[in-house]
Structure formats: structure tokens, C-alpha cells
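Letter by letter, the chains look like this.
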Amino acid sequence: MNVDMDTSPSYYDPQELSLRERYRRYGKRLSPSPHQENYQSKFSNAALYLDNIKREIDHSDGDQSEGRTHSSFKRRSSPSTDGVSEIGVDLVGRSRTTQALKVCKQEDDGSVDSADATFSLFASLYDSALQGLMSIPDLILRLEGACRNVSESINNSCSERHRIVEDKLMRQKAKMLLDEAASWSLLWYLYGKGNDEIPKDLLLLPATSHLEACHFVVEDHIAQLCLRLIQWLEGLASKALDLENKLRGSHVGTHLPTSGVWNHTQRFLKKGSSNEKVVQHLDFDAPTREYAQPLPDDKKQDESLLEDVWILLRAGRLEEACNLCRAAGQSWRAATLRPFGGLDHSYGIEALIRNGKNRSLQATELESGMNHQRRLWKWASYCASEKIAEQESGKYEAAIYAANCSNVKRILPICTDWESACWALTKSWLEVQVDVELSHHQSERSASERNPEHGDVNSQSYLGPENWPLQVSKQQPNDLSALLQKLHSSESVHEAVSQGCKEQHRQIEMSLMIGHIPRLLDLIWSWISPSGGDEDIFRPHGDPQMIRFGAHLVLVLRHLLADEMKDAFKEKIMTLGDLILHMYAMFLFSKQREELVGIYASQLARHRCIYLFVHMMELRLNSSVHVRYKIFLSAIEYLPFSPGADLNGIEKGSFEEIIERVLSRSREVKLGKYDGTTEVAEQCRLRSLQKATVIQWLCFTPPSTINDSVRVGTKLLLRALMHSNILFREFALISMWRVPSMPIGAHTLLSLLAEPLKHPSESLFFTEDHDIADSLREFEDWNEYYSCDATYRNWLQIELENAGIDVSNEEKQRATVVAMDTLSSSMALLMRGGDPWLVPTEDHIYESMENTNLELHATAMLCLPSGDCMLPDATLCTALTSALYSSVGEEVALKRQLLVNVSISAKDSCTVEIALRCLGTEFDGFGPNKLADGGVLAAVIAAGVKGELAGFQAGVTMEILKLEAWYSGIDGSLGSTATYILRGLCRRCCIPEVILRCMQVSVSLMESGNEHQSHDELIELVASSETGLLHLFSQNQLQEFLLFEREYSIRKMELLEEPAA
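These numbers come from a predicted model, not from an experiment.

## Details of the state of the cysteines
Counting across every chain of the model gives 0 disulfides. You can see Cys-910 has no disulfide; the closest cysteine sulfur is in Cys-869, sitting 4.8 Å from it.

Written as C-alpha cells, this is what we have:
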């Protein structure tokens, strides 16, 4: 965003010099050096700790490929300079410490832009307000202070570390932060500042004009608004003076003593010189009376003095302005600025308290009439301003007198910035409102003696000499909108003022002034929203500082206006406000500030919050553990764990809902197209890794600072176990290939869950909950299965490496040991007695119920014997439907009302969607599944997985990518999960494959002259009717089993015949 530096107020730019500097004494002040605090975060998980060590090693080796360091935020008082410590938050006694803001290590150096510190600082401040450590009005003041201090830090570092172009950009950022500070200040004056009441001990009867004026301003809405705007604008100017003094060691008004006594003109007159253009007397009325001026040097010094007086008046420092006049030898001028004994004539309660019970003013007004002296003073000031302007004696002097009497046309010529012009118009309008009100009171007080017509501004009794104050009342606006319209008019104000109205923060401030919050939100959204289509709506766009400001403004307004939000306004601030908050959260995410996102996401509507975190988790799925932990903490600390919590009547998103959405989406088939470069098995392996990595979100240890952290950790671990079991089933069905490649998805799951299961909570193991015990037992079964699988694949790798080459005896011995281990582990899995593999000890499934169906949905890729993908089409889907239907026989299919539907997946044209449904019966739907084979639906899918579909292309197998089974009603509504079907399917596919692998290893051992003692036991195990393993084999598997046994027997006989030969 382009910033016009030329239109900014002169007192905002500490670099600008003026001609009056020669008359001042300046002292240089060294600026403080910025500093950053570095610290090392501590992690609760070993994975995080190891990841952090790796990052430290990479950093020490100079590997900075990411081009940045992860920035963390420790709750401290200063982001970059000592100045920011003034707005730091005292966190002593906090109920909880937010881990998400201090999870990372911060490694800032001097080149880091100080403006970036505002993101962490604002997040910390708002977080403290959310926790009740500060009120919202205090938060607004802290945000203003943060902007000012960071701006000062940027200005301090500009000339030290940046080139010319960079220096200019940094100064623009500093200026923008000052503009933002002004907007926060206005918000505080309008909505954060409380309503004061006049103390009863200051009341007088009869009331003085000042007391009546203060009472009017307190009671009247428009007058109170004007007073707050004046206080805001004077406060900005005063802070700008303080900043200039701090940066440059100078201060407005540091004139030499007696600099206003016209020393040069005195010496000129003492010499007897004569000049008709030079005054002949030194009294202050001489220039007006003699139509002459002092010497140019004295006049320039006077103009410099008056400029300083104007600046002080503009900053609301009337006392300093009067002291400056006295110090310069012009006490008479101080008297014109503050008449009536130096009373404070501003309309704030503070001024009333400073004045106290003013008995002298009361006595004077009882004698001369209420407001009589005040009107005379204003009329005299008006005459002086007009006379000085006509003689062109000095623009600042004319403006000073004009400010006393609301003579706007004499003030605006020297107002060359938006703030000054707005102050002049607002102050003049307020003064006229007060004058009119006091005239009414004066009329009411003397109603019995005077005509009621006195209350009319245009009445002759109200108007003074020369129709005063009709001349100034006509210059005032009718309402606030008319006042703002004058600021836009280049005919009424300086061109820089009308240009300033186009600046973003000026537009924000004008919207706040008139209370048009919906228009304000529309403005901010138009500046930060992208111009593209809806698909880009949350892509960060526009100035980052404006996005940050908009987000925090929305949050503050929601708190401030909570009781005033009606239907239309509430919908606007909630809907459009959520869009702005969402935009800022995405911006923080894009800048790797994930630890800050939770603070703002927690304020979003439920669906937006869930969408935001799901989006972030999916994008950061392959990032380091360190980054994922930041997102985890950001969600677990700021969101409720379970659904049901609400914020101002609006339901909030919960961590459980986010995790469920992430887990569900991770199993969905992603949009894609088979490229033909890799085999189906390898593609399935890679997909399984992506699915398994999601479990990491459930394996992090919740911080102890959240409520019920132990319970939450237990629920997360239980959910991890349940989802892992779902994935283990799917991974097992795509791991039937006898290749050395490990099923990386399954082993990733096991590695992620290894540490959490080392130190689980007592409630996880010592519980009577069936679901927990069942999940733990199934996990242990899968752990054992994949251990056997890994041992077999290690043996297979050795066999392939040794094939066709001469190997040493040591290598042969190693191969034999691994083969023995494979057989031992597999036999231990198969021969578990009363605890068979993947058979629950207590099967809690439906009791006998009528008209209940079973449904199974699967997503699969069709794989040719060569390993390539078989692309489906309509004809193939029809053939596959027929083959699946025929796999259990027509009689069973009719009896069980089997329905089969196969279609091409809408997300991936290389995959097919398979939907099966059949009627539930006893032992397959109702009651225990005695055979533990999954029933009819498992038999149908198993035929496809094994590649033994009758009437379909021989050798084509189904590689299962997603698998789900449910009980369902007649109306098609889905009920609980039919887990027994999925487990039975895995038993149908895995147990025969384990047995066949054992046979393969036994044959290999026999070829090398080593016989394993468990071979005969394996044969008996398969043949036994008690184990029920035989019916799990398909026809082709039985043939392969017999072929292995035949080959084993032949090798054994050959081995026995060798000694005889």
C-alpha cells in the first residue's frame, strides 16, 4: 500500500526541520538499542525432543535452507525495545500458561523487521484479555501502546541497518503503525472510556456558566461525542510532541528568555532611526494601532513563538502555552489565552475538579450575568482574529485568537493535516453548542424579567455587538456527517486534508466517528480480500498490518458491543467478522506462526474453526514434528475438547470434531490419476504412509495446563488405538504381496504409538470398558502380526540377495537364523490356543433382531498380475459386479438378499467403489460370529482380494484402499460399525497367507538341510477341525499349500537319501 508521506502531520515526522530551529536549544538523545530474547523450549514428547536436537544440529552446521527460523513467543514484556515493556502483561498468578505461544525457539537477529513483533504481541495481549487478566478498554490502550512502541523501534533502526529504499519502506511501516495507534485511541475514547458524572460536592447554586457547560456536555450525546473527539485529537498531538522530544531531544517552546520583547526593534528605536513601516512603540497594541510591524527578525521570532503556542494549544497543553508566553516576556498574551484568573475552561470533568468550587466566578456572574464575561472574551478574540487577518500580521496569531471564538475560517488555513482540521472543526462546533446552551440557561434564569425570545440564537437580545456570534455560528456544521464532509471538500480545507481523507485509517476513524460499524467492516474486507474467485477467498491478501488490525478490531468490537448487537448488525459483525478473522489466521499460518492461530480460531463460528484447523493439519502433515506440535497445542489449548461449548450463544468448534474430520478425510481417496510409472503395490504403500502419519496428531501429550489433561490424554490415546486398528486392517489387505518392501504405513503407526503406550495412564489399562479393552487387544494382535510380517520380509530380502551367487557360511547361517525366527514367530501367532488371533474374547454385537441389514463399502484398485493398474470402465464394473455376486454361490446370495454395486470412483478414475448389502442372520449379524470369518460380506471381498473371482479376469486382485462395514436398517440408515466383518475379512486373508509363508520358509530350510520341528505342527493346525483354519483358505490357496507340502516332502526325502548314497 502506497503511503503519501507528504500529507502526514509535521509533528509525526521527527526528521522534519523548520526555520524556527535556530531559536531553540536542542539536546541529542541516544536511542535505545533493540534487543531480542532467545530461549529454548522444552517438549513433553521424546519425538519432539529429538526433532529439536536435529534442528539445533542443522542450525549449527549452517543449514538455513528454509530461509527463516521458527519464531516463538515467550510471554514477555518487550518484543524488540525497552519501550514495549510499558505495555507488557503481568502474568503472575495466571491460572494457566499458554504453551502454544512459547513452543518454539526464537532466534531473532537485528535484521528482523520489528513490525513482525506485533503479531505475537497482539496475540499475547488478546489472550490475556480472554483469560480475564485485563478489561477490553485496557486491551485497547495496550494495543495502542504496542503500535507506538514498535513504530518507535522501527524508526530507531531505520538509519542504522537499512539502505535508502529499505529505510523509506521501514518509515512507511512506522507511520502506518502510528496511524493504527490513532485508530485504537479513537476506539477507546468512543467505546472504552467510561461515562463520567459530575461530583456532587462540586455543585453550586446558582450554577456557574462553566458548571452548566460541563453538565450539558455530560448529558448531551452530540456534545459528549465532540468532547471525546477533541480529547482524542489533542492526545494524539501531545503524544507526537513527546515522541519528538524523546527521539530528538528537543521540545516545542524552548525559547530563550525575553525572546518576545522585540530586542532588535528596541535597539532600532534607541538609535533614533525612523521607518513608517516599523512600530514606534513597544506595547502589544502598537502593530494594530499604528498599522506597522516590528523589525523582520523580531517578527520572525514572534511568528516562531506563536507557532509553538499554536502547537501546544493544538495538543491541549494550554498551561504550557501560557508558561511559554510568560517566559518569552509576553504575559499579556498568556492572559488572552486563559482569562478569568487562569481557570480551566475545558468541559471535561477533570477540568471541573481542577477548578473546584469557583466562588469568585459565581459571584462575578451573579453581578454581571451568566456567561457575560465569557461572551465578551470570545467577541474580543473574534475581533482580534479578524483584524490580524486583514492586516496579514501573522497567520498563527490570527488562528490562536480564532480558536478562542470558533472562527473556523481563520483556523483552517494553517491546518495542513487531517487531524488538525478535524480538531478545529470539532472544537469550534462544540464551543458554539455550549454557547447556545448557556444562552438558553441565561434566558430561563431571567424568564420572569425578560422576553423568552432570548433563547433564540438569532434574536437581537442574544446577539451581541456586530451581530456576534452569528458570524461564527454560520460557519459550524449541522451534524457530524456535515463536519466530515467539510474535511473532504478541497474548497474548505487544505488539499492535504482532503487527500488525507482517502487514507485507510482516516476512513476507519471517520466510520467510527459516525458509528457506522457495518460500513467499517466492509471497508476493511475490501482492502484485504483478494480480487479472485471464491476459491481464493482466504488467500492472504493486502497489507499484513491491516489484516492484523482488522482481526483485532472485530474481536474488540464484538466484546464492546455485545449488548447492543441486534439481528442484522449481529449477523454482519459475526459473518463478515469471521471472514476477516479467518483471513488473519490463514496469514499467520502462511508465515509459519501456527502457535498464534488458536487464539483467533477459537473466536470463529464452529464450521469455520473446524475447517481452518483441518486445512492446516492437512497442509502441515509432512512437516516436522516440531511444526505439527505447534498446531496441536494451538488447538488443544484454545478450543474445548468436546463438542457443546458456546461463545455468546454461538457453538464453538471442538478439538474432537477437528480430529474426527482429519481422520475421516485422511482415509478418503484423493483426487488423482494413475501415472503408470509405479506399480499398484508401491502406490498403495505410499498412500498408507500418508494415512498413518495422521495418527501423530493423537500421539502428542496434552499440556498439563489444560483442564483434565490426564483424561484428555487418555481419550486421545484411545482414539489413536481405535483408528490405528482401522488402518491396520486396510494395510494388511494391501500387504499380501511377497516382496521385501515393508508395509511402511503399518510400521509408522507402530512407531508413533510406541512411546505413548510406554507410559499410559492407569485408566487405559485398568478399566472395565469393553471398547478400550477390545481396542488394546486388537492393537496387540496387529503388533504381533506385523512383527511376524517384518521377520518374513527380512528373510525374503536375504534370500533374494543370496539367489544365484555363492555365499559364505556366515551368510548361510544368518539366513537360517532369520528363517527359524520367522517360523517361530509365525507359529506363536497361529498357535495361541484359547486366544486366537483377531478374535475378541467377548463379542458385543447385536442380539437377534429382525429386518436388519449388513453393509460393506470398499474403495479398491484393480491390479493385474504384472503389478500394473487395471483401469476400470462401465463394462468392467458390470463384470466385477457379477463376479462378486457369484463368489458365494447363487443359493446363499438369494437367501441373504445380497446386493452388489460397483462404480468408478468420482475422485479417482483408477479406483472403483464397491457397495455390498445383505440380510443379517444368526451368527452373521446376530449373536457371536462363531467361525470368526466375517460372514458372507467378508467372503465376497476376500475373493476379490485373493484374486479368485469366478468369471472375472484371472489373477486380477483388488487392492483395498478404504474399507467400512455397518449394521443398517431397512430404510438404509446406517447404525453401529460391524467390526466383526472387518476382522473376519482380515482373518480370511492374513492367516492363510501367514501359513503359506511358513510353508515357503520351511521348504527353503529343508533345501539347505535344516528341518524346523514345527512343520508337522503347522500341518496338523491347518487340518484340525477345532481350529477352523481350513475354511479360511480359498481353493487356490489350498492348492498352493499342498504344492508347498509336496515340495517339502520331496526335499526331505532327498535329504534322507543323501547319506545312503
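## Brief notes about the pairing of strand S4 (residues 899-904)
As paired elements, S4 and strand S5 (residues 911-919) share 6 bridges and run antiparallel to each other. Note on S5: the bridge partner recorded for Leu-899 is Arg-917. Linking S4 to S5, which pair antiparallel, is a turn of 6 residues.

## Focus on helix H9 (residues 296-314)
With 19 residues, H9 ought to run about 27 Å at 1.5 Å a step, and its terminal C-alpha atoms sit 26 Å apart, in line with that. Taking burial as the measure, the 19 residues of H9 include 14 buried ones, the bulk of the element. The positive-phi residue at the C-terminal boundary of H9 is Gly-316, with phi of around 75°.

## A short note on the pairing of strand S8 (residues 957-968)
Successive residues of a regular strand alternate their side chains across the two faces of the sheet. The buried fraction of S8 is high, at 11 of 12 residues. Bridge analysis of strand S3 (residues 853-863) against S8 gives 11 bridges, and the strand direction is antiparallel. Note that in S8 the partner of Cys-863 across the bridge is Thr-957. As defined by bridge partners, S8 adjoins strand S9 (residues 974-977) across 2 bridges and the pair is classed as antiparallel. Bridge assignment links Trp-966 to a residue of S9, and that residue is Thr-977. Where S8 folds back onto S9 in an antiparallel hairpin, the turn is made up of 5 residues, including Gly-972, whose phi is positive at roughly 90°.

## Notes on the environment of Asp-179
Turning to its location among the elements, Asp-179 is positioned in helix H4 (residues 164-192). Residues Asp-179 and Glu-509, spaced 330 residues apart in sequence, show a C-alpha to C-alpha distance of 9.8 Å. Those residues in contact with Asp-179 that sit more than four places away from it in its chain are Glu-503, His-505, Arg-506 and Glu-509. At 2.8 Å, the side chain of Asp-179 forms a polar contact with the side chain of Lys-175.

## A short note on the sheet that holds S3
Each strand in a sheet pairs with another by means of backbone hydrogen bonds, the pair being arranged parallel or else antiparallel. Spatial strand order, S4-S5-S3-S8-S9: 5 strands in an open sheet with antiparallel pairing. With partners counted over all chains shown, the strands left at the sheet margins are S4 and S9, one partner each. On average, each strand axis in the sheet is inclined to that of its neighbour by 30°, with strand direction left out of account. Contacting S3, S8 and S9, helix H40 (residues 979-1007) runs over the sheet at an angle of about 155° to S8.

## Some remarks on unusual backbone geometry
Where the residue is not glycine, phi is negative for most of them; where a peptide bond is considered, it is trans in most cases. A positive phi angle is found at Gln-897, which is not glycine, with a value near 55°. Residue position: Gln-897 is located in the loop between helix H38 (890-895) and S4. One non-glycine residue, Phe-923, lies in positive phi territory at about 70°. Mapped onto the fold, Phe-923 is located in the loop between strand S6 (921-922) and strand S7 (925-926).

## What about a nonpolar patch on the surface?
On the surface, Ile-164, Val-165 and Leu-169 cluster together into a nonpolar patch covering about 350 Å² of accessible area. Residue placement: Val-165 occurs in helix H4.

## Some points on helix H23 (residues 517-528)
Along an α-helix, a turn takes 3.6 residues, which lines up residues three or four apart on a common side. In a regular helix each residue adds 1.5 Å, so 12 residues correspond to 16 Å; H23 covers 17 Å between its end C-alpha atoms and thus fits that length. Burial in H23 covers these residues: Ile-517, Leu-520, Leu-521, Leu-523, Ile-524, Trp-525, Trp-527 and Ile-528. Considering only its buried residues, H23 is in contact with H4, helix H22 (504-514), helix H24 (544-560) and helix H25 (567-590).

## Quick notes on the packing of H40 against helix H41 (residues 1015-1023)
Packing of H40 against H41 leaves a shortest axis separation of 11 Å and a crossing angle of 150°. In this view, H40 runs roughly antiparallel relative to H41, as classed from their interaxial angle. In terms of crossing hand, the pair formed by H40 and H41 is left-handed. Across the interface between the two elements, Ile-995, Cys-998, Met-999 and Ser-1002 of H40 pack against His-1015, Leu-1018, Ile-1019 and Val-1022 of H41. Taken together, the residues of the contact of H40 with H41 break down into 6 nonpolar, 2 polar and no charged.

## Some details on the packing of aromatic side chains
Tallying each qualifying case throughout the model produces 25 aromatic pairs. Ring geometry for Trp-232 versus Trp-418: centroids 6.3 Å apart, planes at 65°, classification edge-to-face. Highlighted residues: Trp-232 in helix H6 (residues 221-248) and Trp-418 in helix H18 (residues 418-445), separated in sequence by 186 residues. Comparing Trp-232 with Trp-418, the two get one shared label, buried. Here a set of aromatic residues connected by ring pairs shows up, and it is made of Phe-728, Phe-779, Trp-782, Tyr-785, Tyr-786 and Trp-837. The ring of Trp-418 has Arg-506 sitting right over it, with the charged end atom 5.5 Å from the ring centre. The residue whose ring lies beneath Arg-620 is Phe-589, and the NZ or CZ to ring-centre distance is 3.9 Å.

## Considering the pattern of salt bridges
Counted according to the given criterion, the structure contains 62 salt bridges. Note that Arg-667 is salt-bridged to Glu-730, the shortest N-O span being 2.4 Å. With Arg-667 in helix H29 (residues 655-667) and Glu-730 in helix H32 (residues 709-733), this residue pair connects regions lying 63 residues apart in the sequence. Note on accessibility: Arg-667 and Glu-730 belong to one class, buried. Among the salt bridges present, the one from Arg-687 reaches Asp-908, with a minimum N-O distance of 3.1 Å. Separated by 221 residues along the polypeptide, Arg-687 in helix H30 (residues 680-693) and Asp-908 in the loop between S4 and S5 bring together distant segments of the chain. Overall, the relative accessible area of 26% leaves Arg-687 in the partly exposed class. Judged by relative accessible area, which is 2%, Asp-908 ranks as buried. In the salt-bridge network here, residues are joined through shared partners; they are Lys-175, Asp-179, Glu-419, Glu-503, Arg-506 and Glu-509.

## As for the environment of Thr-791
Secondary-structure assignment places Thr-791 in helix H35 (residues 770-802). Of the residues examined, Thr-791 reaches a relative accessible area of 17% and is grouped as buried. Taking the C-alpha atoms as reference points, Thr-791 and Ser-825, 34 residues apart in sequence, are found 8.1 Å from one another. Beyond its immediate stretch of four places on either side in the chain, Thr-791 contacts Val-818, Asp-821, Thr-822 and Ser-825. Here Ser-787 takes part through its backbone oxygen, which lies 2.9 Å from a polar atom of the side chain of Thr-791.

## As for a negative patch on the surface
A cluster of acidic residues, Asp-196, Glu-197, Glu-219 and Glu-350, forms a negative patch at the surface. Along the chain, Glu-219 falls in helix H5 (residues 209-219).

## Structural notes on the packing of H23 against H25
Across the interface, H23 lies against H25 with an axial gap of 10 Å and an inter-helix angle of 25°. The angle between H23 and H25 places the two elements in the roughly parallel class. H23 and H25 meet at a crossing whose hand is left-handed. On the side of H23, the interface is formed by Ile-517, Pro-518, Leu-521, Asp-522, Ile-524, Trp-525 and Ile-528, while H25 contributes Phe-569, Lys-572, Ile-573, Leu-576, Leu-579, Ile-580 and Met-583. Residue classes in the contact of H23 with H25 are distributed as 12 nonpolar, no polar and 2 charged.

What counts, and at which threshold
Each chain has its residues counted from 1, running along the sequence as written. With the structure being a predicted model, the display of local features is reserved for residues of pLDDT at least 70 and the display and counting of side-chain atom pairs for 80 or more, all residues being used for whole-chain, interface and lining totals. Side-chain calculation: all heavy atoms of the structure are included, whereas hydrogens and water are not. Cysteine sulfur atoms that pair up within 2.5 Å are treated as a disulfide. Note on pairing: DSSP must find at least two bridges between two strands before they are called paired. Secondary structure elements follow DSSP: runs of H or I of four or more residues count as helices, runs of E of two or more count as strands, with numbering from the N terminus. What a helix should span is 1.5 Å times the count of its residues minus one. Note on exposure labels: buried denotes an accessible area under 20% of the residue type's maximum, exposed denotes more than 50%, and partly exposed covers the range between, all computed with a 1.4 Å probe on protein chains only. Here, residues are in contact when the closest pair of their heavy atoms is within 4.5 Å. Here a polar contact is recorded for every N or O atom pair within 3.5 Å, except that within protein the pair must consist of a potential hydrogen donor and a potential acceptor, and residues adjacent in sequence are included only if both atoms are side-chain atoms. Between N-to-C directions, angles cover 0 to 180 degrees, with each direction set by a line fitted to C-alpha atoms, over the stretch in contact for helices. The patch calculation keeps residues exceeding 30% relative accessible area without a salt bridge and links them within 9 Å when they carry like charges or within 5 Å when they are nonpolar (Val, Leu, Ile, Met, Phe, Trp, Tyr). The Shrake-Rupley method, run with a 1.4 Å probe sphere, supplies the accessible areas, and residue values consider only the shown protein chains as cover. Put simply, a salt bridge is a Lys or Arg side-chain nitrogen that is within 4 Å of an Asp or Glu carboxyl oxygen. For classification purposes, an angle smaller than 35 degrees is called roughly parallel, one larger than 145 roughly antiparallel, one from 65 to 115 roughly perpendicular, and anything else oblique. By the definition used in this description, the sense in which the near helix is turned from the far one sets the handedness, with an anticlockwise turn below a right angle giving left-handed and a clockwise turn giving right-handed. In the scheme used here, Gly and all other residues not listed as nonpolar or charged are polar, with Ala, Val, Leu, Ile, Met, Phe, Trp, Tyr, Cys and Pro taken as nonpolar and Asp, Glu, Lys and Arg as charged. To pair, rings of Phe, Tyr and Trp, with the six-membered ring standing in for Trp, must have centres within 6.5 Å; the planes then decide the type, stacked if under 30 degrees apart, edge-to-face if over 60, and tilted in the middle. A ring is scored as having a charge over it whenever the NZ atom of a lysine or the CZ atom of an arginine sits within 6 Å of its centre and within 35 degrees of its normal. By the counting rule applied here, Lys and Arg register as positive and Asp and Glu as negative, while His and the ends of each chain are not counted. For this purpose, a charge sits on NZ of Lys, CZ of Arg, CG of Asp or CD of Glu.

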